[in-house]
Every structure is written in structure tokens, then in C-alpha cells.
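Overview (structure and organization)
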Amino acid sequence: MKDLKYYLKKAKEEKWAIPQFNFSTIEQLKAIINVSYKLKTPVILGTSEGEANYLGMEEIVSLVKISKNKYKIPLFLNLDHGKNLDLIKKAIFLGYDSVHFDGSSLSLIENIKITKELIKIAHKKNILVEGEIGSIKGESQLSSKKIKILKQDLTSVSDVEKFVKETKVDSLAVSIGNIHGVYKKMPKLDLKLLKDIKKISKNFLVLHGGSGIENKEIKKVIREGIVKINFNTEIRIIWKNSLRKYLKNKNEFKPYKILNLVQNDIEKKLEEKVYLLNSNNKL
Ligand code: 13P
């Protein structure tokens, strides 16, 4: 079966993007697998540190591996926003397909140093590393608050230049106005900044905070070279609202019946995203 690098390259050449869907429950995982199978799309299954710790990394790796072989579909695991170096190394050791090192709160020198160290370990096992320059604000939840992005939060082009030259990182998460979560007022994306980053970075460019961004904006960033887009909040919202709705049926006690309905609702949302990113029929 082809690896993640193959699909990232293909997406880059053909101008579409691979979705990263985060999950922390079995019905979310099953929804992602079903959509990948049905729509013939590669997908990246994202687990944050919290999500990975909740389900258990060993369990996650086994479940994804079994499903990948059973359905012959390109499912790839990514540790999302790894900050704890022991956990990142564990993901590499257990067989995640890629790890995202979030060194955004560190100095550039420190970020470069640790990213390089991780790349050395990861590449020996053919595992990709996603770095991050700039600070992506917000949390993956629905919020009535307003969020303000400062200039210093955005990706600095000169930092990117140093970072990619020194680390030779595989993928790069950028901060171009994107935020995690769905906030009352979503910031606008800075396409000019994305174009400037692309001029000097040949890496696979990643957009975090896919939830809440207008479809036309998503299409634009893909045209400008983004090849991976992460979604979490919109999946969490559907999960919560749907579960609440089906639990109202006082006569139903079977978890697999209730959760199957939740799974169907999540699948509809994921399908929407796959068509938006145009990653269907790409196997
Ligand atoms: P959203 O929660 O905004 O979809 O962002 C998810 C994400 O970027 C995970 O890294």
C-alpha cells in the first residue's frame, strides 16, 4: 500500500488536499473509516495528546492498522500538536505515520533544535514530521468569545526560511489567520502571506483549524498550495448534538444502536469535507 508521502505529493501535484480528521471515540473512528472506504479518499486520523491518552496509543495504532488491512484503504495516523517529547517518541516507536511537533511557543533556535532531533529518529522509521512556525490560537470547541490574532502570531516568512533550510522538515503548519475552534467571528485568512511562504518552502503546507472556515476560503488555500487540512471542532459539535438528540429516546438502551445513529451523522459531515477538499477517488 502507498505511504503518506505518496499521497501528499499527489495532492500537491494535482491541487487537492488530504483531510485530517481528529477522533477520540470509536464511533468517530468508524465514521472516518467508512467515509474513506466509501469515497476512496486517503485520510489522516489525528489524535492530540489528550485524545491519544484517552483511547491509548497502542490501542489506536492497532485499530487503525487492522482497519487499513481489512478494508485496503489509505488510513494514516498523525500525532497532532505533540509537545511532550516522550509521547512523540512513543508515537514514532509504535508506528504512527507522522508526528506533528508543536514548537510554536519556543524560540526559533529551540524549535529548530528539537524538530531536527525528532526528524532524525522519525526518518529512520520512514515517519514524517510536521513542524510549526507561528502560533495558531484558539481551542477546538464552539465559543461565543471573540478571538484576536496579533501580528506576532502569524507565520514569519524569514523564520520559515531558516526553519526549513535547517530542519528539512516534511510538512509545515502555518499560521495565516487560521484558528482552532469555531468562534463568534472567524478571522480572515491572509492569502498573500501563504503565497510568500510557498515561494520559499517546498514542504507540504498544512492548514490547522479547518472548522468554521468558509468553503470558498478553503478552496482558495488549496489553490495556493495547502495539501493537508485539519478538522476537529465541527466533528465534536456533531458528536455532541447528535448524541444528545438520540439519548432523548427513553426506550432505547442499546449503546450500539444509539452510537450508530451518531456515527451516521458524523459521516455526513465528513463526506462534505472530503468533497470540499476534492480528495475523493484518489486511491
Ligand atoms: P478545528 O478544531 O478548528 O477544526 O482545528 C483542528 C486542528 O487544527 C487540529 O490540529
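Our subject is the structure listed above.
Residues numbered from 1 in each chain as written. Predicted model: local features only at pLDDT ≥ 70, side-chain atom pairs only at ≥ 80, totals over all residues. Heavy atoms only, no water.

Overview of the packing of aromatic side chains
Summed over all chains, the structure comprises four aromatic pairs. Between Tyr7 and Phe76 the ring centres are 5.9 Å apart and the planes differ by 50 degrees, which places this aromatic pair in the tilted class. One end of the pair, Tyr7, is in helix α1 (residues 4–14); the other, Phe76, is in strand β3 (residues 75–82), with 69 residues separating them in the sequence. Taking the centre distance of 5.8 Å and the plane angle of 65 degrees together, the rings of Tyr37 and Tyr71 count as edge-to-face. With Tyr37 in helix α2 (residues 26–39) and Tyr71 in helix α4 (residues 57–71), the pair connects residues that are 34 residues apart, well separated along the chain. Members of the aromatic cluster, joined through ring pairs, are Tyr6, Tyr7 and Phe76. Between the NZ or CZ atom of Lys2 and the centre of the ring of Tyr6, over which it lies, the distance is 5.1 Å. Taking NZ or CZ as reference, Lys282 lies 5.3 Å from the ring centre of Trp16, over its face. (Phe/Tyr/Trp six-rings, centres within 6.5 Å; stacked < 30°, edge-to-face > 60°. Helix = DSSP H or I, 4+ residues; strand = E, 2+ residues; numbered from the N terminus. Lys NZ or Arg CZ within 6 Å of the ring centre and 35° of its normal.)

A look at the site of the ligand
Surrounding the ligand, one finds 14 residues, the nearest of these being Asp80, Ser140, Gly209, Ser211 and Thr233. Between an oxygen atom of the ligand and a side-chain N or O atom of Ser140, the distance comes to 2.6 Å. One of the backbone N or O atoms of Gly181 is found 2.8 Å from an oxygen atom in the ligand. For the ligand, whose unbound accessible area comes to 300 Å², protein coverage reaches 99%. (Near = heavy atom within 4 Å. Polar contact = N/O pair within 3.5 Å; in protein donor to acceptor, adjacent residues only side chain to side chain. Areas by Shrake-Rupley, 256 points an atom, 1.4 Å probe, with all protein chains shown as cover.)

A closer look at the nonpolar core
Tyr96 and Ile229 are the most contacted members of the largest nonpolar core, which totals 66 residues. Here this core gets seven residues from one element, more than from any other, and that element is helix α11 (residues 255–277). Residue contacts for Tyr96: discarding those within four places in its chain leaves Thr47, Ala52, Met57, Ile60, Val61, Leu77, Asn78, Leu79, Ala91 and Ile127. Among the nonpolar cores identified, the runner-up in size contains eleven residues, and Ala11, Ile18, Phe76 and Val227 belong to it. (Core = buried A, V, L, I, M, F, W, Y, C linked by side-chain atoms within 4.5 Å. Buried < 20%, exposed > 50% of the residue type's maximum accessible area, 1.4 Å probe, protein only. Contact = heavy atoms within 4.5 Å.)

Topic: a positive patch on the surface
A cluster of basic residues, Lys116, Lys120, Lys124, Lys165 and Lys168, forms a positive patch at the surface. Position of Lys120 among the secondary structure elements: in helix α6 (residues 108–124). (Patch = residues over 30% accessible without salt bridge, like charges linked within 9 Å, V, L, I, M, F, W, Y side chains within 5 Å. Salt bridge = Lys/Arg side-chain N within 4 Å of Asp/Glu carboxyl O. Lys, Arg positive; Asp, Glu negative; His and termini not counted. Charge placed at Lys NZ, Arg CZ, Asp CG, Glu CD.)

Some words on helix α10 (residues 233–247)
For α10, with 15 residues, the first-to-last C-alpha span of 21 Å sits near the 21 Å given by 1.5 Å per residue. If you check which residues of α10 are buried, you get Thr233, Glu234, Ile235, Ser242, Leu243 and Tyr246. Against the buried residues of α10 lie β1 (18–22), α2, β6 (138–143), β8 (180–183), β10 (226–231) and α11. (Expected span 1.5 Å × (residues − 1).)

Some thoughts on the pattern of salt bridges
On inspection of all chains with the given rule, the structure shows 18 salt bridges. The shortest N-O distance in the salt bridge between Asp153 and Lys137 comes to 3.3 Å. Of the two residues, Asp153 is situated in the loop between β6 and α7 (157–167) and Lys137 in the loop between β5 (128–133) and β6; the sequence distance between them amounts to 16 residues. Residue class for Asp153 comes out buried when judged on its relative accessible area of 8%. Salt-bridge contacts for Lys192 lead to Asp196; the nearest nitrogen and oxygen are separated by 2.8 Å. Residue Lys192 and its partner Asp196 are both found in helix α8 (residues 191–200); the two are separated by four residues, about one turn of the helix.

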